[in-house]
Amino acid sequence: MDDFTPWPEDLARRYRERGYWRGLPLSDGVRAQAAARPGACAILCGNRSFSYGALDRMSSVMAGRLIAAGLRPGDHAVVQLPNRAEFYITFLALLKAGIRPVNALYSHRAHEMQAYVEQLDPALLVGSRAHPLFAEDGFLDALRRDGLAPRLGLWLDGSEPGQDLAQWMDPEAGLPEAPLPAPAPAGVAFFQLSGGSTGTPKLIPRTHDDYDYSVRASVEICGVDAETRFLVALPAAHNYLLSSPGALGVFRAGGTVVMAESPEPHLCFGIMRRHRVTMAALVPSAVALWLEAVRDGLPVPESLRLVQVGGASFAEAQARQVPDLLGCALQQVFGMAEGLVNYTRLDDPPERVFATQGRPISPDDEVRVLDREGRPCAPGQTGRLWVRGPYTFRGYFRSPEHNATAFDAEGFYHSGDLVRRDADGYLSVVGRVKDQINRGGEKIAAEEVEGLLLRHPDIIQAALVAQPDARLGERGCAVLVARKKLRAVELRRHLIALGVAEYKLPDRFAFAETIPLTPVGKPDKKALRAAMLHPR
Ligand code: J2J
């Protein structure tokens, strides 16, 4: 089965024996809360609220209808929804039906969506007619021409009869329902998106067992309980917002997820005050906006107890300002959609919380920090991070060639991060060796954008490199060797026409006579970055 690389039997046995893998579906947290406290509030979204009873019922109804419509466990789905309650209801429905979704980001466009459709051959598409890609039928028609169109499309904000998502999840709608399949917790629950460093976006199979463990353990570490009111202002589909502890953690603990469309501070503080939000998960660039707004006099909602910061490098100087300015505790999170998640602990001394990105969730997370030759680094020394464990995946979906280099013979995954580990196992992220730009927490695979740039007839060579940016941490700069001078607007237009997500557009374009190459003939990014920081 090339969909999913299983853990070797001895490790799988150990993870079960130690109680990490419990053989329960990922939807079980919501089911348990719905049984115990059906009236408790699970989601607040705009003016709407959804109880645990409603969340469980609506997702079950939708699952039964999908089965009645002929979808089968093991089928794939491509889902692209904004930060709305329907995202969670749909996700739970697909888990219950055994249909495996990839949850695309709402910022994704034709280029990314096409890649997911080509890889997964989905039977179902769930999207929004308000999204530029689906406002008209051009993209769907193209899929149809290529024989790639999903059998069923359901739309948020849609009015087509039979395709209205709201109706599919409305218990009163009276559509036919079939019994739900038996859960298969050791199998793939869904596909997570990789930040990537390669030409096409890679998919990460996550099982019910492994993901549920990371969620449960995160709930404990982050002190989430039924009183927690958790702000989801970053994309709900992102691994961080879903599982660290994310919405799934909050659901498991019986707390309330409060949804916002963006992390913009005025918007968020209003929502937080209204709904007495206690906890928020942010990326560093969003924290910077919040700190600035507070310095400008915006009062912080008093209910706020904990702010998590992760997804990109967080400057220590900024970390130190969080408790004073936001009046709450700080937790640093260093995670990845591939698995491993590190947290500073709530009882760690402040110095540790300010200066490190935490330690792994599990005693069975095996983290190796190795030098270039693969030798173990001493504590405090910088090296490459390799990891395997009870919730770190063992292979990208249908990517044997890439897997051959992303993993070693013992199944350790190379994250591409450069880290330092102290004597107590706490990690500090100091850089990366993967060819990626981390633009305010959004990951851009350099090779993907370079490939699109090279489709321009006048571009001979292209290299995308990261440059420091005060607001975003990093921004992308495309260094080009071209037949003629091209204007930035023209290059942006070229990329937009290829349907790439806007956040991947280079912030700057620079032209060069030649691009320095490494001994193996790849663009020498190190030399390029140095040349741009210190132009001659
Ligand atoms: C520096 N770099 C970081 C940090 C992630 C929780 C939190 C984040 C993610 C995530 C996640 C960082 N400091 N604190 O999935 O569950 C960079 C590293 C890492 C990559 C993973 C979660 N936290 N990073 O960001 O899959 O380079 O997951 O390998 O999007 O983000 O990106 P992603």
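Rules used throughout
Residues numbered from 1 in each chain as written. Predicted model: local features only at pLDDT ≥ 70, side-chain atom pairs only at ≥ 80, totals over all residues. Heavy atoms only, no water. 1 Å grid on protein atoms, 1.4 Å probe; cavity = no way out; pocket = protein on both sides within 12 Å on 5 of 7 lines; lining within 4 Å. Points joined across faces, edges and corners; volume = space filled by probe spheres on them. Helix = DSSP H or I, 4+ residues; strand = E, 2+ residues; numbered from the N terminus. Phe/Tyr/Trp six-rings, centres within 6.5 Å; stacked < 30°, edge-to-face > 60°. Buried < 20%, exposed > 50% of the residue type's maximum accessible area, 1.4 Å probe, protein only. Lys NZ or Arg CZ within 6 Å of the ring centre and 35° of its normal. UniProt positions renumbered as here; feature names shortened; annotations may be inferred. Near = heavy atom within 4 Å. Polar contact = N/O pair within 3.5 Å; in protein donor to acceptor, adjacent residues only side chain to side chain. Areas by Shrake-Rupley, 256 points an atom, 1.4 Å probe, with all protein chains shown as cover. Nonpolar A, V, L, I, M, F, W, Y, C, P; charged D, E, K, R; others polar. Expected span 1.5 Å × (residues − 1). Contact = heavy atoms within 4.5 Å. Pairing = 2+ DSSP bridges. Axes fitted to C-alpha atoms, helices over the stretch in contact; angles between N-to-C directions. Right-handed = clockwise from strand over helix to strand, strands pointing away. Disulfide = S-S within 2.5 Å. Parallel < 35°, antiparallel > 145°, perpendicular 65-115°, else oblique. Left-handed = near helix turned anticlockwise from the far one by under 90°. Domains from an automatic or database assignment. Buried area = accessible area lost by both parts, 1.4 Å probe. Salt bridge = Lys/Arg side-chain N within 4 Å of Asp/Glu carboxyl O.

1. Topic: empty space enclosed by the protein
So, step 1. Enumeration over the complete set of coordinates arrives at 2 cavities of 30 Å³ or more.
So, step 2. For the largest cavity, the calculated volume is near 50 Å³.
So, step 3. If you trace the largest cavity, you find it lined by Leu26, Gly29, Val30, Asp212, Val215, Leu248, Phe251 and Arg252.
So, step 4. Counting only elements with at least two residues in the lining of the largest cavity, the list comes to α2 (28-36), α8 (208-221) and α10 (246-253).
So, step 5. When residues of the lining of the largest cavity are assigned to their parent elements, the largest contribution, 3 residues, is made by α10.

2. Observations regarding the packing of aromatic side chains
So, step 1. For the coordinates displayed, the defined rule picks out 21 aromatic pairs.
So, step 2. Ring centres of Phe87 and Tyr88 lie 5.2 Å apart, and the angle between their planes is 75°; on these two criteria the pair is classed as edge-to-face.
So, step 3. Measuring from ring centre to ring centre gives 5.1 Å for Phe393 and Phe407, while their planes differ by 55°; the resulting arrangement is tilted. In this pair, Phe393 sits in the loop between β17 (382-388) and α16 (400-406) while Phe407 sits in the loop between α16 and β18 (413-421), placing the two residues 14 residues apart along the sequence.
So, step 4. You can call Phe393 buried: its relative accessible area is 2%.
So, step 5. Put simply, the rings of Phe4, Trp7, Tyr15, Tyr20, Trp21, Tyr213 and Tyr391 touch in pairs and so form one group of aromatic residues.
So, step 6. Between the NZ or CZ atom of Arg129 and the centre of the ring of Trp155, over which it lies, the distance is 4.2 Å.

3. A short note on the UniProt feature "domain: AMP-binding enzyme C-terminal" (unreviewed entry) in the chain
So, step 1. Mapped onto this structure's residue numbering, the UniProt feature "domain: AMP-binding enzyme C-terminal" (unreviewed entry) falls at residues 448-522.
So, step 2. A helix fraction of 21% and a strand fraction of 33% characterise residues 448-522, whose end C-alpha atoms lie 14 Å from each other.

4. Quick look at the site of the ligand
So, step 1. The environment of the ligand is formed by 20 residues, the closest being His238, Ser244, Val333, Asp417 and Lys434.
So, step 2. A distance of 3.0 Å is found between a nitrogen atom of the ligand and a backbone nitrogen or oxygen belonging to Gly311.
So, step 3. In the model, an oxygen atom of the ligand is placed 2.9 Å from a nitrogen or oxygen of the Ala337 main chain.
So, step 4. In the complex, the protein chains occlude 96% of the 610 Å² of accessible area that the ligand would expose alone.
So, step 5. Residue assignment for the shell around the ligand shows that the elements contributing at least two residues are α9 (239-243) and β13 (329-336).
So, step 6. The element contributing the most residues to the shell around the ligand is β13, with 4 residues.
So, step 7. Along the lines of polarity and charge, the residues of the shell around the ligand split into 8 nonpolar, 9 polar and 3 charged.

5. Things to note about the UniProt feature "domain: AMP-dependent synthetase/ligase" (unreviewed entry) in the chain
So, step 1. Those residues carrying the UniProt feature "domain: AMP-dependent synthetase/ligase" (unreviewed entry) are residues 31-397 in this numbering.
So, step 2. What you have in residues 31-397 is 34% helix and 22% strand, and the ends, taken at the C-alpha atoms, are 29 Å apart.

6. Details of helix α12 (residues 284-295)
Since one α-helical turn is 3.6 residues long, residues separated by three or four positions face the same way.
So, step 1. The end-to-end C-alpha distance of α12 is 16 Å, a good match for the 16 Å that 12 residues give at a rise of 1.5 Å each.
So, step 2. Burial within α12 is extensive, with 9 of its 12 residues counted as buried.
So, step 3. Within α12, burial applies to Pro284, Ser285, Ala286, Val287, Ala288, Trp290, Leu291, Ala293 and Val294.
So, step 4. Check the buried side of α12 and you find it contacts β9 (229-232), α11 (265-275), β11 (279-282), β12 (306-310), α13 (316-319) and α14 (322-326).
So, step 5. Count one or two residues on from α12 and you reach Gly297, which has phi positive near 105°.

7. Some remarks on the sheet that holds β18
So, step 1. Taken together, 4 strands build an open sheet; the order of strands is β16-β17-β18-β19 and the sheet is antiparallel. Looking at strand neighbours, the two that pair on one side only are β16 (366-370) and β19 (427-432), the edges of this open sheet. Across the sheet, the mean angle from the axis of one strand to that of its neighbour is 45°, orientation sign disregarded.
So, step 2. With 5 bridges connecting them, β17 and β18 associate as antiparallel partners. Bridge pairing links Trp386 to His414 in β18.

8. Focus on the pairing of strand β24 (residues 508-511)
So, step 1. Sheet topology places strand β23 (residues 473-482) next to β24; 4 bridges connect them, and they run parallel. What sits directly across from Ala478, in β24, is Phe509.
So, step 2. What joins β23 to β24 is helix α18 (residues 488-497), and the crossover it makes is right-handed.

9. Considerations on the state of the cysteines
So, step 1. All chains considered together, the criterion is met by 0 disulfides.
So, step 2. Left without a disulfide partner, Cys41 is nearest to the cysteine sulfur of Cys45, which lies 11 Å away.
So, step 3. Residue Cys41 is classed as partly exposed on the basis of its relative accessible area, which comes to 22%.

10. Here we look at α8
So, step 1. A rise of 1.5 Å per residue sets the reference length of α8, with its 14 residues, at 20 Å; its end C-alpha atoms lie 20 Å apart and thus fit the reference within 8%.
So, step 2. Burial analysis of α8 places 13 of its 14 residues in the buried class, which makes it a mostly covered element.

11. What to know about the packing of helix α3 (residues 52-68) against helix α4 (residues 85-97)
So, step 1. Across the interface, α3 lies against α4 with an axial gap of 8 Å and an inter-helix angle of 55°. The orientation of α3 relative to α4 falls into the category oblique. Here the hand of the crossing between α3 and α4 comes out right-handed. Here Leu55, Asp56, Met58, Ser59, Ser60, Met62, Ala63, Leu66 and Ile67 of α3 lie close against α4, whose contacting residues are Ile89, Thr90, Leu92, Ala93, Leu94, Lys96 and Ala97.

12. Brief notes about the sheet that holds β24
So, step 1. Judged by pairing direction, the sheet is mixed, and its 3 strands sit side by side in the order β22-β23-β24 without closing on themselves. Sheet topology places β22 (459-469) and β24 at the edges, where each strand pairs with a single neighbour. Ignoring which end each strand starts from, the neighbouring axes of this sheet average 30° apart.
So, step 2. Sheet contacts for α18: β22, β23 and β24; angle to β24, the most-contacted strand, approximately 115°.

13. Focus: the domain arrangement of the chain
So, step 1. Entries for the chain in the domain assignment read domain 1 (25-184), domain 2 (216-432) and domain 3 (436-533).
So, step 2. In this structure, domain 1 and domain 2 have C-alpha centres spaced 27 Å apart.
So, step 3. Counting residues at the interface gives 27 residues for domain 1 and 26 residues for domain 2.
So, step 4. Interface of domain 1 and domain 2: buried area, both sides summed, is about 2100 Å²; carbon and sulfur atoms make up 59% of it.
So, step 5. Three residues stand out in domain 1 for area buried against domain 2, namely Leu44, Asn83 and Tyr88, and they jointly supply 34% of the buried area on that side.
So, step 6. On the surface where domain 1 and domain 2 come into contact, there are 0 salt bridges.
So, step 7. For the pair domain 1 and domain 2, the interface holds 12 residue pairs in polar contact (both at pLDDT 80 or more).

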